[in-house]
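# Residue-level structural notes
Here is how the chains run, residue by residue.
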Amino acid sequence: MKFGIFYELQLPRPWEAGDELRLYQDALTQLETADRLGYDHAWVVEHHFLEEYSHSPSPESFLAAASQRTKNIRLGHGIFQLTTNHPARVAERVAVLDLLSNGRCEFGMGESASITELTPFGRDMETKREVFEEAVRAIFPMFGDGGSEHHGKYFDIPLRNVVPKPVQKPHPPLWMACSQLPTIERAGESGFGALGFQFVSADAAHAWVHAYYNAITRRLKKLADYQINPNMALVSFFMCAKTDEEARARADGATFFQFALRFYGASQNRQRPAPGTVNMWDEYNKWKRENPQAQEAALRGGLIGSPETIAKKLRRFRTSHIDQVILLNQAGKNSHEHICESLELFAREVMPEFREDPEHEAWKAGVMSGAIQLEEIDTEAFTDRYGKLAAGVASARPAAAAVG
């Protein structure tokens, strides 16, 4: 089992001078720490205009900085928005990151999930999948030797040689953002690794893994000429401390993260309110006061707890045959010190047990060769995008936001 770390670069209000500088510098230090401790991947999102929830519009810049402070950790676009970027610019930035990192780039792709992000770039919810798929077809010839051209509905690109080329041949490993079961299956059918941005139980993970590997082995239909990447990764909320109680006390950001997903996700097309009209941190604390039991229950989920508790949960995930667990530690107002201590304790007391797993490798080889046939599991019970937290959260509504 591989272990990654995940960054939205969240910054809840109230904002003060220097907060964004501190956020970025602390995150780079955390990546440096994770690299030293032997974590496998670092994933950084691309989002635009999402106040408090994500201040990460330029992951290629952040990952380029990280490449100069790390040696071994894989640096992942989790994801690059193919709907809000020109295909040639995507190919160029992926190649440059691969060169700067000496071949450590992972290329995750996605569409964006709200009109708040899409509309300023001239895109919409109705056509974003078409744009994504056409961008995929345009990008991959650009990684090859010589020139390429593309003439389609959304992009018209004359014959040009996109330079530079990536270190990894024919291209860095490919991934796709997946927040619901249909996109897990779609990633498998396309031959992409699945980045499961869904916070699921071990039972749900088992069902999702079967859905993914059945899709990639039985219904593969690549969008272009590229190398497939059969891998299933799932994000989990994370905080490791000496005791369960201490871990939960330090992990308030996990419920802020999920509250924000629920709060904004309830609006039409997931449209965010106008800038400055909602103070998400205040809304979250109001919800906590009104739903203390729900907040406490949420903190018992994910990989939040002592090393012993987390190891017990990971053993269940291992039986699901997840390839990678991605740990979401930087969320809400979780402190830099607690994040680093959590990474240290987990690496020292939990990770070694799960490092080598020949049984999983044999299972995966059998599945991909067809020697092992997976059952088609009924996944109806595992389709909720957000998990069970905050079922009563209302849609976003205007409320005065703190200035600054």
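Residues numbered from 1 in each chain as written. Predicted model: local features only at pLDDT ≥ 70, side-chain atom pairs only at ≥ 80, totals over all residues. Heavy atoms only, no water.

## What about the packing of helix 10 (residues 280–290) against helix 11 (residues 292–299)?
How we decide: Working convention: axes come from line fits to C-alpha atoms, limited for helices to the stretch in contact. Angles between N-to-C directions cover 0 to 180 degrees. Put simply, DSSP H or I for four residues or longer makes a helix, DSSP E for two residues or longer makes a strand, and each gets a number counted from the N terminus. The cut-offs work like this: below 35 degrees is roughly parallel, past 145 is roughly antiparallel, 65 to 115 is roughly perpendicular, and the gaps in between are oblique. By definition in these notes, contact holds between two residues if any of their heavy atoms fall within 4.5 Å. Note on residue categories: nonpolar means Ala, Val, Leu, Ile, Met, Phe, Trp, Tyr, Cys or Pro, charged means Asp, Glu, Lys or Arg, and polar means any other residue, Gly included.
Running from N to C, helix 10 and helix 11 cross one another at 100°; their axes reach a closest spacing of 5 Å. In this view, helix 10 runs roughly perpendicular relative to helix 11, as classed from their interaxial angle. Here Tyr 284, Trp 287, Lys 288, Arg 289 and Glu 290 of helix 10 lie close against helix 11, whose contacting residues are Pro 292, Ala 294 and Gln 295. For the contact of helix 10 with helix 11, the residue count by class is four nonpolar, one polar and three charged.

## Observations regarding the pairing of strand 2 (residues 41–44)
In summary, the side chains of a regular strand alternate between the two faces of the sheet. To keep things clear, this is the line we draw: Summary of the burial criterion: residues with accessible area below 20% of their type's maximum are buried, those above 50% are exposed, and those between are partly exposed, where the area comes from a 1.4 Å probe applied to protein chains only. Every crossover in which the path from the first strand over the helix to the second runs clockwise, viewed with the strands pointing away from the viewer, is termed right-handed.
Going residue by residue along strand 2, you find His 41 and Trp 43 tucked away on one face and Ala 42 and Val 44 tucked away on the opposite face as well. Of the crossover connections in this fold, the one passing from strand 1 (residues 2–7) over helix 1 (residues 19–37) to the parallel strand 2 is right-handed. With helix 2 (residues 59–67) bridging strand 2 and the parallel strand 3 (residues 74–81), this β-α-β connection has right-handed handedness.

## Notes on the nonpolar core
The test is simple: Here, the term nonpolar core denotes a set of buried Ala, Val, Leu, Ile, Met, Phe, Trp, Tyr and Cys residues that are joined through side-chain atoms within 4.5 Å.
Of all hydrophobic cores here, the largest spans 85 residues; its most connected members are Tyr 39, Phe 107, Val 136, Met 232, Leu 314 and Phe 346. The element that contributes the greatest number of residues to this core is helix 7 (residues 202–218), accounting for eight residues. Leaving out residues up to four positions away in the same chain, Phe 107 has contacts with His 77, Phe 80, Leu 82, Val 90, Val 94, Ile 139, Phe 140, Phe 143, Pro 172, Pro 173, Leu 174 and Trp 175. Grouped together as the second largest cluster of nonpolar side chains are 34 residues, Val 45, Phe 197, Phe 237 and Ala 247 included.

## Considering the pattern of salt bridges
Note the threshold: Every case where a carboxyl oxygen of Asp or Glu lies within 4 Å of a side-chain nitrogen of Lys or Arg is listed as a salt bridge.
With the rule as written, the count across this model stands at 24 salt bridges. In this structure, the salt-bridge partner of Arg 219 is Glu 189, at a minimum N-O distance of 3.8 Å. Taken together, the residues span a long stretch of sequence, with Arg 219 in the loop between helix 7 and strand 9 (232–240) and Glu 189 in helix 6 (residues 181–190) at a distance of 30 residues. A salt bridge links Arg 218 to Glu 376, with the nearest nitrogen and oxygen atoms 3.0 Å apart. Note that Arg 218 is positioned in helix 7 and Glu 376 in the segment after helix 15 (358–369), a separation of 158 residues in sequence. Each of Glu 189, Arg 218, Arg 219 and Glu 376 takes part in salt bridges that share partners, so that together they form one network.

## Description of the side chain of Arg 13
Quick note on the threshold: Polar contacts here mean pairs of N or O atoms no more than 3.5 Å apart (in protein, one a potential hydrogen donor and the other a potential acceptor; neighbouring residues in sequence count only if both atoms are side-chain atoms).
Secondary-structure assignment places Arg 13 in the loop between strand 1 and helix 1. Judged by relative accessible area, which is 3%, Arg 13 ranks as buried. Here Glu 51 takes part through its side chain, which lies 3.4 Å from a polar atom of the side chain of Arg 13.

## Comments concerning the pairing of strand 5 (residues 148–151)
Rule in force here: At least two DSSP bridges between two strands are needed for those strands to be called paired.
Along strand 5, the buried face is formed by Ser 148 and His 150; none of Glu 149 and His 151, which line the opposite face, is buried. As defined by bridge partners, strand 5 adjoins strand 6 (residues 156–160) across three bridges and the pair is classed as antiparallel. Looking at the pairing, His 151 lines up with Asp 156 of strand 6. Count of turn residues in the strand 5/strand 6 antiparallel hairpin: four residues.

## A few points about the side chain of Lys 165
To keep it simple, the criterion reads: When charges are counted, neither His nor the chain ends are considered; positive counts come from Lys and Arg and negative counts from Asp and Glu.
By the element assignment, Lys 165 lies in the loop between strand 6 and strand 7 (174–178). Within the buried core, Lys 165 has no salt-bridge partner, and the shortest N-O distance to an opposite charge, that of Asp 145, equals 6.1 Å. From its side chain, Lys 165 meets the backbone oxygen of Gly 144 in a polar contact 2.7 Å long. Here the side chain of Lys 165 touches Asn 161 through a polar contact of 3.1 Å, side chain to side chain. The residues touching Lys 165, leaving out its near neighbours within four places in the chain, are Ala 95, Leu 99, Met 142, Phe 143, Gly 144 and Gly 146.

## Some details on the packing of aromatic side chains
Note the threshold: Stacked, edge-to-face and tilted labels apply to pairs of Phe, Tyr and Trp rings (six-membered ring for Trp) whose centres lie within 6.5 Å, assigned for plane angles under 30 degrees, over 60, and everything in between, in that order. For a lysine, the NZ atom is tested; for an arginine, the CZ atom; a charge sits over a ring if that atom is within 6 Å of the ring centre and within 35 degrees of the ring normal.
Taken as a whole and assessed by the stated rule, the structure comprises 24 aromatic pairs. Judged by centre distance (5.2 Å) and plane angle (80°), the rings of Phe 238 and Phe 346 are edge-to-face. Taken as a pair, Phe 238 in strand 9 and Phe 346 in helix 13 (residues 336–349) lie far apart in primary sequence, 108 residues in all. The burial state of Phe 238 is the same as that of Phe 346; both residues are buried. Taken together, the ring pairs in this structure connect Phe 80, Phe 107, Phe 140, Phe 143, Phe 192 and Tyr 226 into an aromatic cluster. In this structure, Lys 222 packs its charged tip against the face of Tyr 226, placed 5.5 Å from the ring centre. Over the face of the ring belonging to Tyr 53 we find Arg 272, whose NZ or CZ atom lies 6.0 Å from the ring centre.

## Here we look at the confidence of the model for the chain
The criterion, for reference: Here pLDDT means the predictor's own confidence in every residue, given as a number from 0 to 100.
Per-residue pLDDT for the chain has a mean of 92; in total, 94% of the residues score no lower than 70. With pLDDT under 50 throughout, residues 394–404 is counted as low confidence; its partners more than four residues away or in other chains account for 30 contacts.

## Considering unusual backbone geometry
The linkage connecting Gly 78 with the following residue, Ile 79, adopts the cis geometry, with an omega of 20°. One can find Ile 79 in strand 3. Across the junction of Val 163 and Pro 164, the peptide omega takes the value 0°, indicating a cis bond. Relative to the elements of secondary structure, Pro 164 occurs in the loop between strand 6 and strand 7. We note that Asn 102 has phi near 60°; this positive angle belongs to a residue other than glycine. Along the chain, Asn 102 turns up in the loop between helix 3 (87–100) and strand 4 (105–110). Taking relative accessible area as the criterion, Asn 102 reaches 65% and is therefore assigned exposed. Non-glycine residue Ser 112 carries a positive phi angle of around 80°. Along the chain, Ser 112 turns up in the loop between strand 4 and helix 4 (115–118).

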